[in-house]
Amino acid sequence: RNVERSLIEHLSPLARLGSTVKEVRVLGAIGVCEMHEGLDRDGMAMVQRQLVDEGVWLRPFGKLLYTMPPFNCEELEDGHVRKIGEA
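About the criteria used
- Residues numbered from 1 in each chain as written.
- Predicted model: local features only at pLDDT ≥ 70, side-chain atom pairs only at ≥ 80, totals over all residues.
- Heavy atoms only, no water.
- Helix = DSSP H or I, 4+ residues; strand = E, 2+ residues; numbered from the N terminus.
- Pairing = 2+ DSSP bridges.

1. Observations regarding the environment of V24
Part 1 of the reasoning: Among the structural elements, V24 can be located in strand β1 (residues 21–27).
Part 2 of the reasoning: In the structure, V24 is positioned 13 residues away from L11 in sequence and 7.0 Å away in space, judged by C-alpha atoms.

Okay, structure coming up:
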């Protein structure tokens, strides 16, 4: 399955969280969720821990949450990308 299409499918619904999410962007295998408010260092660490507890790895950076799904398996699992969108 095309990684870009999968990211678009599962991350786009986050744009409906308009009070929190400013914009969702996908380019190839990179997904970005831009928030209205940025996080400080402690906030980023807290969010990172919560996301890892959910089983996903997103990179918080100020107002942005980046995802680049792993390519260390033969076929990227759609369930992993769906889990990113749900976290």
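2. Here we look at the pairing of strand β4 (residues 64–67)
Part 1 of the reasoning: In terms of strand pairing, strand β2 (residues 30–35) meets β4 through 4 bridges, oriented antiparallel. Along β4, the bridge assignment pairs E34 with L64.
Part 2 of the reasoning: Bridge count between strand β3 (residues 59–61) and β4: 3 bridges; the pairing is antiparallel. Its bridge partner being in β4, R59 is matched across the sheet by Y66.
Part 3 of the reasoning: Here β3 folds back onto β4, and the loop between the two strands holds 2 residues, one of which, G62, carries a positive phi near 65°.

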